[in-house]
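The lines below spell out each chain.
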Amino acid sequence: LQTAYSLLHIVYQNRLTHSTKAILEVRTKMGDKYVHEEPMIRGPKFLVRLRSHTVFENTPIKLFCTVGGFPTPDVKWYIDLETCVLLCIYRCSTDDTAQYTAVACNIHGQASSQASIIVKSNVMFIIQSHQNMLIALFPSLSHSLSPNLSAAMLPKIQYTKINITFLEKFGPVFATEGESASLTATMTLNPNLANLQPEAQWYRDDTRLFDSKWVKIDTGRGVTTLTLPNLFKDDEGLYTIRMVTKGGSAEHSAFVSVSDGPPPVPGAPGAPMDIKIHDANRDYVIVSWKPPNTTTEGPILGYFVDKCEVGTENWTQCNDHPIKICKYPVSGLFEGHSYYFRIRAVNSQGISKPSRMSDPIAALDPTEFERLHGVPSAPGQVISTRETNTSVLIQWAPPKEPNNLIGYYIDQCVKGSKDWTSANHKPHKNTKFVVSGLTTGETYMFRVQAINELGLSDESQESAPLTVKAALTHPSAPYDIAMLNCDGHSMVLNWKKPSHSGGANIKEYYVDKRRSGTTMWREVHIKPITERLYKRVYNVIELSTQIQSNTNVGLCLFSSHSVCPLGPAYDLTFSEVRDNSLVVEWKKPVYTGSGPITGYHVEYAKKGTSDWTTANETAVSHRFLKVTGLEAGTSYVLRVRAVNAAGVGMASMASDPVTAKAVEGSQEVSCVVDEKSGDIVLSFESCQLNEGSQFIWKKDYKEITDFSKGVVIKTEGSHSKLIFKNAEKEDFGTYSVSVTNTEGVSSSYTISAEELAKMLALSYDIRHPIIPLKSELAYKILERGRMRFWLQAEEISSNVTYKFFANNKELSGWKKMTFSGFKLKELSMGHDVSSGIIEFIMDHFTEENEGTFTCQITDGGGKAQSSLVLIGDAFKAALAEADYQRREYIRVKEGPHFSEFLSLQVGDDCSVSLVCKVANLKKESAFHWYKEDTEIIPDVKPDLGSGVCKLPIKLFSLKTAGVYKATISDDRGKDMSQIDISGKVFDDAINKISQLAGASAAELVIKCTATGIQLQCHMKYYTSEMNITWLEKDKGMYSIVITDRENSHKRTLDLSGEDRGKVVGGLPDVVTIMEKKTLSLTCTVCGDPKPQVSWLKNGAEVEPDDQYVVSLDQGKFASLTIKGVSMEDSGRYTMIVQNKYGGESVDIVVSVYRHGEKIPEAKPTLTPKILIPPKVPIEIPQPKTQPAPSPAPSTPSPAPPKAGRGVKSPTPTRRK
């Protein structure tokens, strides 16, 4: 074995050190061949294809192929799909193992040919030959040696049993073609290991499903979801989810039902299903399918087959006539091209929807197809486990489809990079591999590829990241056991942690004991302890104690009568060790003696001496001290004594030796105020950083744990920051930082109260900066009298914002305008980042603009403000200059213009018009009106002779609001004026209309309509935007209030009806009487003033005559007498009683029957009295020849009833 391994080592070293360079050359051979120009052979075609080879190292190899086509194709070579220039390799190496592809292209298409080259290493034959020799010499070794010696020594994989419990399961799904469906299952894993996650496998009717265009699978964090984005009938079936682990699996199933979608035409069949492709060849394929699920549709007459070339969306029909069987050969394909196929069914009613299209299939020779699809599938899950401080054990699952597998290649990559490198230089046969030569502390990921004679498989999934750590060892023994307190019944022990932790943090300690004079050690507690402080109760005896080591110390318990001095401090630690100083920290004594501790003294001595020096003559109250005055490079030991009122206590146990020497490359903490955020930042960069190192920040040597006041610790790599977001005056003190798992890297910084005050002031200035200005707000008068206000800042960014104010009102609502071919604005605003200038331009500077102009600037956190006062003489001078420039512009330009811009005017009759005035016109000048850029043709043309132009706005309301524009132009130029009738302009017009209409409002009147009575108020104009309110102050008192900004106009009408006309009683609801009898209808009425009474029959007024007698005695007894009633007198009679305050009406039904007939049964109906509102003035209905027209255009007039006996004309309909 030693001989075999030595040979292996020597040969492998030679392989690595020998630099083998492949000589690359390209040879293209084209014979003079007859070129066929038929359509099928114009594209590239491999007449002789590439052939795969397996060779040994350092041997030559050549790849040949013959390509035909017209025009002559261009040939490119690829290694593993990467472009190369390669045909001949004179000395092969194992690195040349790859898949080689030749691609030929011309204008008619492309073709490809592939071959694999597998280069075997000579080392394998040396190992194999020596292995055979060892077996011949030592037959007993035949079972212990394997083809791969390293693999034989790998441990067997032990799979972990993972229990999977489904929390939520998917149920049956019923859907329709074209819809989408999702199946989701949630589960718990026990144990839930990041490196051992189960594989989610979805099945439909025991057929494994994978991610595709028709199926989407998403798995992670205990949830797996299968989505069918576009359902077809093919998707119907039993769906199963199987969560598979090496230790077992869990599964759940449910049925998905897919019903047929609506057909293209009624009665058409459903879509065919389960389309498959068979016998693919270079120019034809065979397509098969299953018929649709036909239920009520007519029988299938045949099928159409469609094809579509991959990369296009052009579907073409392959057969001219429907075929009756479910299989069809499709010919006329182009070799090397890929196609989709679909099927449509036909019956007597029409053609179905297309089936789901097939997977793409390439038109290739079967041998070429088999070769292209013969590589292994990707290996399964890759698991990496810790091996040594420079190696990792990799294990993986073999591929589902090995296809004559040769072996595996393992790749490694540092986490966070994409630089994948190979871990082995020849195929590895086993599914385990030890990756060596890794960097300790670095984090790696791994993946695996399978290889056979046809080439490499796809890469496996990447393994979980794994950090290469040093191998663990046992920790060293604790030492320096000290007694911190003893009261006669118990003692408190303390010890120092081991010098070497063995590569991991110390978690627990065990304490043993033995009696003095004996050798038997026994545990003094059952459970391990985590702190280096232990209290134990004893009798008064002598003990020896051992803490996980053979080192022991004799301890004596004091009796209960002994006097115990002030206990010692303990756990001395050092930080900020420099050449002449260090900082020591300690913990206070467990036993404080007769009084509270008032301070501490620190003593130090050179290593190996007993000459102790007190570092501080005055005791310090805190438990840390910076010891100065040390000699560089000298080792010291230190101890601490506590002080109380009784005196100085016992000294602590001497510390471990510490050398006064700064850590090489150590740096100090810096303190600055961030120039952008204003935060106070303490920064420290560590010169050392190991695995598990952490930055510990302290204030006054107490770890900072309260982050509620805006304190943030931010660490990136070897750089750590302590950030004060909201520093306060109380935050002064000493801030220190130490880095764990290093050689004592630490530093501190002391912030005094004075320094903190300065930093707080600087922080405030940074957070509330003032943008410096080169010039304050000023103005400049431009041509046409426009006023430019501007200022200049020292520097502004592209994100600057600003506002302009005039007399404390923000200037807003700027509208773009055009004048003489260049843009103007009524108010325009802008800035220039390069110069820092901010400006706004006012087109019309008038007397109303007198006052103070202000600009407020905000840029990031900075602000600035500048004002300009234009009042008195200064304003008059500016206004005069603006007027002069405006007149001068008109004089120079000599073109048509607006002397008065558009304004909105409201006339006394509430009419609304747009008015403007133009000047400097000539005969050819043209004037136009626009609303929202749509031209308006007014009824009356503008009067350009007077220059005053008006546009009446009919039915002014919110519907007529918008942007109106007027233009005047001729060959000399063009001017425009514009007004936005919205906002304040619209509100002012409505307010003016409300003033005029309210003043003209008449008294309220009552109007009877088909739907009831209306209270009406007539005024000059009304629109819904006016502020009009209806009120009912008391019962029956109604008011209308028209309100404007200054006044309100109120009109009131009393409808209380206390003195209206009323029917007191006496009238029946129904009267039955024999023919030729006399009928008398009598009742009592009241009212003040005395009411008037009228009678109606079937809605028509009763005219008194010899037969009909109407009477009203004493103003309160009313009657209607009908003499000699006849059958025509049957009907509904109404008595109306009313005065100026209103009244009411009562209905009576009269039924007349003949002598000898059965008396008709009276069926009284409860008809309530109908109240009649007052009339102003009271109008008693008079006979008319035709119905009066309705005053409301929207209310139709009632049709006149047919005239009956005693009826002259209809009366107005009664309303409540």
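About the criteria used
Residues numbered from 1 in each chain as written. Predicted model: local features only at pLDDT ≥ 70, side-chain atom pairs only at ≥ 80, totals over all residues. Heavy atoms only, no water. Salt bridge = Lys/Arg side-chain N within 4 Å of Asp/Glu carboxyl O. Helix = DSSP H or I, 4+ residues; strand = E, 2+ residues; numbered from the N terminus. Buried < 20%, exposed > 50% of the residue type's maximum accessible area, 1.4 Å probe, protein only. Expected span 1.5 Å × (residues − 1). Contact = heavy atoms within 4.5 Å. Pairing = 2+ DSSP bridges. Axes fitted to C-alpha atoms, helices over the stretch in contact; angles between N-to-C directions. Arc of directions from axis to C-beta. pLDDT = per-residue confidence, 0-100. Phe/Tyr/Trp six-rings, centres within 6.5 Å; stacked < 30°, edge-to-face > 60°. Lys NZ or Arg CZ within 6 Å of the ring centre and 35° of its normal.

Asks: Lay out the pattern of salt bridges in plain terms, naming residues and giving numbers.
Replies: Considering all chains together, one arrives at 33 salt bridges under this definition. Among the salt bridges present, the one from Asp656 reaches Lys496, with a minimum N-O distance of 3.2 Å. With Asp656 in the loop between β48 (647-651) and β49 (658-659) and Lys496 in strand β36 (residues 490-496), this pair connects stretches of sequence that are 160 residues apart. Between Lys725 and Asp679 there is a salt bridge, and its shortest N-O distance comes to 3.1 Å. With Lys725 in the loop between β55 (719-724) and β56 (733-739) and Asp679 in the loop between β50 (670-673) and β51 (680-685), the pair connects residues that are 46 residues apart, well separated along the chain. Taking relative accessible area as the criterion, Asp679 reaches 7% and is therefore assigned buried. In the salt-bridge network here, residues are joined through shared partners; they are Arg204, Asp235 and Arg356.

Asks: An account of unusual backbone geometry is requested, with residue identities and associated values reported.
Replies: Cis peptide bonds are those with omega within 30 degrees of zero, and the linkage from Asp1088 to Pro1089 qualifies with 0°. In this structure, Pro1089 sits in the loop between β82 (1079-1086) and β83 (1092-1097). In this structure, Glu576 takes a positive phi of about 55° despite not being glycine. By the secondary structure assignment, Glu576 is in the loop between β42 (570-575) and β43 (582-587). Positive phi, normally seen in glycine, also occurs at Asp933, with a value near 65°. As for its placement among the helices and strands, Asp933 is situated in the loop between β70 (926-931) and β71 (934-936). A relative accessible area of 64% places Asp933 in the exposed class.

Asks: Describe in detail helix α7 (residues 984-999), supporting the description with residues and values.
Replies: The terminal C-alpha atoms of α7 lie 23 Å apart, and with 16 residues this matches the ideal 22 Å at 1.5 Å per residue to within 8%. Those residues of α7 that are buried are in contact with β68 (897-906), β69 (912-919), β74 (973-981), β77 (1027-1032), β78 (1037-1043) and β79 (1048-1054).

Asks: Please give an account of the sheet that holds β69 that cites residues and values.
Replies: Ordered in space as β68-β69-β72, the three strands form an open sheet in which the pairing is antiparallel. Each of the sheet's edge strands pairs with one partner strand only, and the pair in question is β68 and β72 (948-953). Direction aside, the axes of adjacent strands within the sheet are offset by 15° on average. Of the pairings in the sheet, the one linking β69 to β72 comprises six bridges and is antiparallel in character. Bridge assignment links Val915 to a residue of β72, and that residue is Lys950.

Asks: Outline the environment of Met243, listing residues and values.
Replies: One can find Met243 in strand β18 (residues 237-245). Judged by relative accessible area, Met243 falls into the buried class, the value being 2%.

Asks: If you had to explain the sheet that holds strand β53 (residues 702-703) to someone new, which residues and values would you point to?
Replies: Ordered by their spatial adjacency, four strands build an open sheet running β53-β52-β56-β57, and the pairing between neighbours is antiparallel. Here the strands that pair on one side only, and so sit at the sheet edges, are β53 and β57 (746-751). Looking at chain direction, strand β52 (residues 695-699) and β53 are connected through two bridges and run antiparallel. Bridging across to β53, Lys699 finds its partner in Lys702.

Asks: Describe the pairing of β83, with residues and values.
Replies: Note: β83 against strand β87 (residues 1131-1139), six bridges, orientation antiparallel. Its bridge partner lying in β87, Leu1096 is registered against Thr1134. In terms of strand pairing, β83 meets strand β84 (residues 1100-1102) through two bridges, oriented antiparallel. Across the sheet, residue Leu1096 finds its bridge partner in β84, namely Glu1101. Linking two consecutive strands that pair antiparallel, namely β83 and β84, is a turn of two residues; a positive phi of about 50° is found at Asn1098 within it.

Asks: Go over helix α5 (residues 753-767) with me, naming the residues and quoting the values.
Replies: Helix length check: α5 (15 residues) gives 21 Å between terminal C-alpha atoms against 21 Å at 1.5 Å per residue, within 8%. For α5, every residue scored as buried is listed here: Leu756, Met759, Ser763 and Ile766. The arc enclosing the buried residues of α5, seen along the axis, measures out at 80°, which places them on a common side. In α5, the exposed positions that point more than 90 degrees away from the buried face belong to Glu754, Lys758 and Tyr764. Of the surrounding elements, those touching the buried residues of α5 are β50, β51 and β57.

Asks: I'd like to hear about the confidence of the model for the chain, residue by residue, with values.
Replies: Averaged over all residues, the pLDDT of the chain is 80; the fraction at 70 or higher stands at 81%. Within the chain, the element-level pLDDT minimum falls on strand β90 (residues 1207-1210), averaging 31, and the maximum on strand β44 (residues 599-606), averaging 95. Here residues 124-157 is modelled with pLDDT under 50, and outside its nearest four sequence neighbours on either side it reaches 36 contacts, counting other chains as well. Confidence drops under pLDDT 50 across residues 549-564; counting only partners more than four residues distant or on other chains, this segment forms 40 contacts.

Asks: Run through the packing of aromatic side chains, naming residues and quoting values.
Replies: Throughout the structure, instances matching the rule amount to 20 aromatic pairs. On the basis of an interplanar angle of 10° and a centroid distance of 4.9 Å, the ring pair of Phe789 and Phe840 is categorised as stacked. You can see Phe789 sitting in strand β59 (residues 787-793) and its partner Phe840 sitting in strand β65 (residues 837-842), a full 51 residues away along the chain. A residue is classified by how much of its surface remains accessible, and Phe789, at 0% relative accessible area, is buried. Sitting over the face of the ring of Trp315, Arg342 holds its NZ or CZ atom 4.3 Å from the ring centroid. Here the guanidinium or amino end of Lys965 rests over the ring plane of Tyr930, the centre of that ring lying 5.6 Å away.

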